Amino acid sequence: MVAELLKGKQYLRILSPYPPRRARLAPMSEPLTTAIIVAGGRGQRAGEGIPKQYRPMPDGGGDNVLARSIALFAENPAISKLCVVIHKYDVSLYDISLSHCNNTDKIIHTFGGDSRQQSVFNGLKALAASKPQTVFIHDAARPFATPALIARCLESLSDNDGVVPALPVTDTLKKAENGLIDQTVARDGLFRAQTPQLFSFDKLYAAHQTAPEGLTDDAAVAEHAGLRVQIVTGEAQNIKLTTEEDFLMNTQILPRTGSGFDVHRFDAPGSAAEIMLCGTGVPHDRKIIGHSDADVGLHAITDAILGALAAGDIGDHFPPSDAANKDRASSVFLAHALKLAAARQARLTHIDLTLICEAPKIGPHRDAMRASLSALTGLPLSAVSVKATTTEGLGFTGRGEGIAAQATATLLIAGDA
Ligand code: MG
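Residues numbered from 1 in each chain as written. Predicted model: local features only at pLDDT ≥ 70, side-chain atom pairs only at ≥ 80, totals over all residues. Heavy atoms only, no water.

1. Side note on the side chain of T34
Next up, step 1: Within the fold, T34 resides in strand β3 (residues 33-39).
Next up, step 2: Of the polar contacts made by the side chain of T34, one reaches the backbone oxygen of T134; its length is 2.9 Å.
Next up, step 3: Among all residues touching T34, those that are not within four sequence positions of it are I79, K81, L127, P132, T134, V135, F136 and F201. (Helix = DSSP H or I, 4+ residues; strand = E, 2+ residues; numbered from the N terminus. Polar contact = N/O pair within 3.5 Å; in protein donor to acceptor, adjacent residues only side chain to side chain. Contact = heavy atoms within 4.5 Å.)

Laid out in structure tokens, this is it:
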């Protein structure tokens, strides 16, 4: 029985320098640190669509803003319990956020009120039964806060009732009326408050019960109750995603490179006078056999673009079994891939193509091919490379049985696309 209890984390044996008359066991009071994430706002300033806390993370992490803010606390071993305050209409969006999170057994949710202050109060009520010692209050819209900031707050609480991360104001402050400057406000001693803000649970809970309406953060609630709140250095990157511009500025643009490869067979000598390569006619006496116009260069480039988008291959989009693709100009395939890129807000920035054949000779037609590719893709000539090689008489290209092409395409793609 005793051994069993000793195994449990919640019991600590009190050791005494004197031989005990009998073993004494006392419950160990682990400081229960909790967190409230305020996610009940409608986030209208960030533009149309779903509330900003449910939008994809602009840095391309694949999660959304709320999920990132939840992870900051749910994955921190110092935090025992977490209450997310959501809008009653957002339950299904919240479930999607939770699907990105670990340690969901720590997480409860409650519904927000008419104001941020009311929402925090609802969160405090939801946590009160677990008798926490301390509580972090964090805005869901600040997903870039780091574990180091949480640690700094915890270290600084000691004798204080609360800790607030803040940065000194560095811009010159102006007071204006109707757009006209009235005066310059001294910035000495002025700070920009951030979250997470850490408080003694009981003191903040009591302060909320007597606070007037209209306070914009919990430091203001604490202040009103005369609590002692310490400032710790905040984090410059810990911005609040508020406007569309905030999202755009924090969107990571990532380069992605795709590769494409294609082979087509030549028909018998005398089967053609001209073949299509890179969207331009090249004199050659052997037709390239294919379902479409068999432009091997455009096929390789189209596949390279699809590759950068991870959007399958040309055959998925234009099956040879589809009669509509018979003798089709391959520029249609390329245009389709570029349209898919545009839909993902991805921009083609470079293509590099190598044609592999003994004949026709590519050199004399290289500039015409580059000009054609530039016109088809909108790329400047300086970003369009066409190269050629033979295979020294080896293999099917060496025997002149066919022509091969390989291409790479580089796209810049928004991280969250
Ligand atoms: Mg092909």
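2. Description of the nonpolar core
Next up, step 1: Counting residues in each nonpolar core, the largest one holds 39 residues, and the members touching the most others are L277, I305, L355 and L411.
Next up, step 2: Among the secondary structure elements, those contributing two or more residues to this core are β14 (274-277), α9 (296-308), α11 (331-343), β17 (346-356), α12 (366-377), β18 (384-389) and β19 (402-414).
Next up, step 3: Considering every element that reaches this core, the biggest residue donor is α9, with eight residues.
Next up, step 4: Those residues within four positions of L355 in sequence are excluded, and the remaining contacts are L277, V296, G297, I362, M369, V386, K387, A388, T389, A404 and A405.
Next up, step 5: Judged by nonpolar contacts, the second largest core, of 28 residues, contains A35, L66, I86 and L198. (Core = buried A, V, L, I, M, F, W, Y, C linked by side-chain atoms within 4.5 Å. Buried < 20%, exposed > 50% of the residue type's maximum accessible area, 1.4 Å probe, protein only.)

3. What about unusual backbone geometry?
What you tend to see is this: most non-glycine residues have negative phi, and most peptide bonds are trans.
Next up, step 1: The omega angle of the peptide bond from T195 to P196 is 10°, so this bond is cis rather than trans.
Next up, step 2: Its location among the elements puts P196 in the loop between β10 (191-193) and β11 (197-200).
Next up, step 3: Following A359, the chain continues to P360 via a peptide bond in cis, the omega torsion being 0°.
Next up, step 4: Structurally, P360 can be placed in the loop between β17 and α12.
Next up, step 5: One non-glycine residue with positive phi stands out, namely S158, at about 20°.
Next up, step 6: By secondary structure assignment, the location of S158 is in the loop between α5 (147-157) and β7 (162-168).

4. Points about the environment of M276
Next up, step 1: With respect to the helices and strands, the residue M276 is situated in strand β14.
Next up, step 2: Apart from residues no more than four positions distant in its own chain, M276 is found in contact with G281, I288, D293, A294 and D295.

5. Some details on the packing of α9 against α11
Next up, step 1: It is at 9 Å that the axes of α9 and α11 come closest, and there the two elements cross at 15°. It follows from the interaxial angle that α9 and α11 lie roughly parallel. Judged by the sense of rotation from one axis to the other, the crossing of α9 with α11 is left-handed. When α9 is examined against α11, the residues L298, H299, I301, T302, I305 and L306 are found in contact with a partner set consisting of S331, F333, L334, A337, L338 and L340.
Next up, step 2: Partitioning the contact of α9 with α11 into residue classes produces nine nonpolar, three polar and no charged. (Axes fitted to C-alpha atoms, helices over the stretch in contact; angles between N-to-C directions. Parallel < 35°, antiparallel > 145°, perpendicular 65-115°, else oblique. Left-handed = near helix turned anticlockwise from the far one by under 90°. Nonpolar A, V, L, I, M, F, W, Y, C, P; charged D, E, K, R; others polar.)

6. A few points about the coordination of the magnesium ion
Next up, step 1: Donor atoms from the polypeptide that bind the magnesium ion are D262 (OD), D262 (OD), H264 (NE2) and H299 (ND1), placed at 2.2 to 2.8 Å.
Next up, step 2: Read N to C, the donor residues that coordinate the magnesium ion are spaced as D-x1-H-x34-H. Separated by 35 residues along the polypeptide, H264 in strand β13 (residues 253-266) and H299 in helix α9 bring together distant segments of the chain.
Next up, step 3: Residue classification places H299 among the buried positions, given a relative accessible area of 8%. (Donors = N, O, S within 2.8 Å, 3.2 Å for Na, K, Ca; no water.)

7. A word on the pairing of β13
Next up, step 1: Bridge count between β13 and β19: 13 bridges; the pairing is antiparallel. Opposite T257, over in β19, you have T410 as the bridge partner.
Next up, step 2: Judged from the two bridges that link them, β13 and strand β16 (residues 288-289) form a sheet pairing that is antiparallel. Across the sheet, the residue bridging to F266 is I288, located in β16. (Pairing = 2+ DSSP bridges.)

8. Remarks on the sheet that holds β13
Next up, step 1: The strand order across the open sheet built from five strands is β16-β13-β19-β17-β18, with neighbouring strands paired in mixed fashion. Single-partner strands in this sheet number two, and they are β16 and β18.
Next up, step 2: Taken strand by strand, α9 contacts β13, β17 and β19, and its axis lies near 150° from that of β13.
Next up, step 3: Here α12 sits on the sheet and contacts β17 and β18; the angle it forms with β18, its principal contact strand, is near 140°.

9. Looking at the pattern of salt bridges
Next up, step 1: Throughout the structure, instances matching the rule amount to 11 salt bridges.
Next up, step 2: Put simply, E244 and R55 hold a salt bridge, and the shortest N to O gap is 3.2 Å. On the criterion of sequence distance, the pair formed by E244 in helix α8 (residues 244-249) and R55 in the loop between β3 and α2 (65-74) is long-range, its members being 189 residues apart.
Next up, step 3: For R55, a relative accessible area of 15% translates into the label buried.
Next up, step 4: The residue K387 makes a salt bridge to D352 at a minimum N-O spacing of 2.8 Å. A residue pair is termed long-range when its members are at least 10 positions apart, and K387 in strand β18 and D352 in strand β17 qualify at 35 residues.
Next up, step 5: One salt-bridge network, held together by shared partners, links R116, D139, D218 and K240. (Salt bridge = Lys/Arg side-chain N within 4 Å of Asp/Glu carboxyl O.)

10. Overview of a nonpolar patch on the surface
Next up, step 1: Together, F261, V263 and F396 line one region of the surface with nonpolar side chains, adding up to about 260 Å² of accessible area.
Next up, step 2: Assignment of secondary structure puts F396 in helix α13 (residues 395-398). (Patch = residues over 30% accessible without salt bridge, like charges linked within 9 Å, V, L, I, M, F, W, Y side chains within 5 Å. Areas by Shrake-Rupley, 256 points an atom, 1.4 Å probe, with all protein chains shown as cover.)

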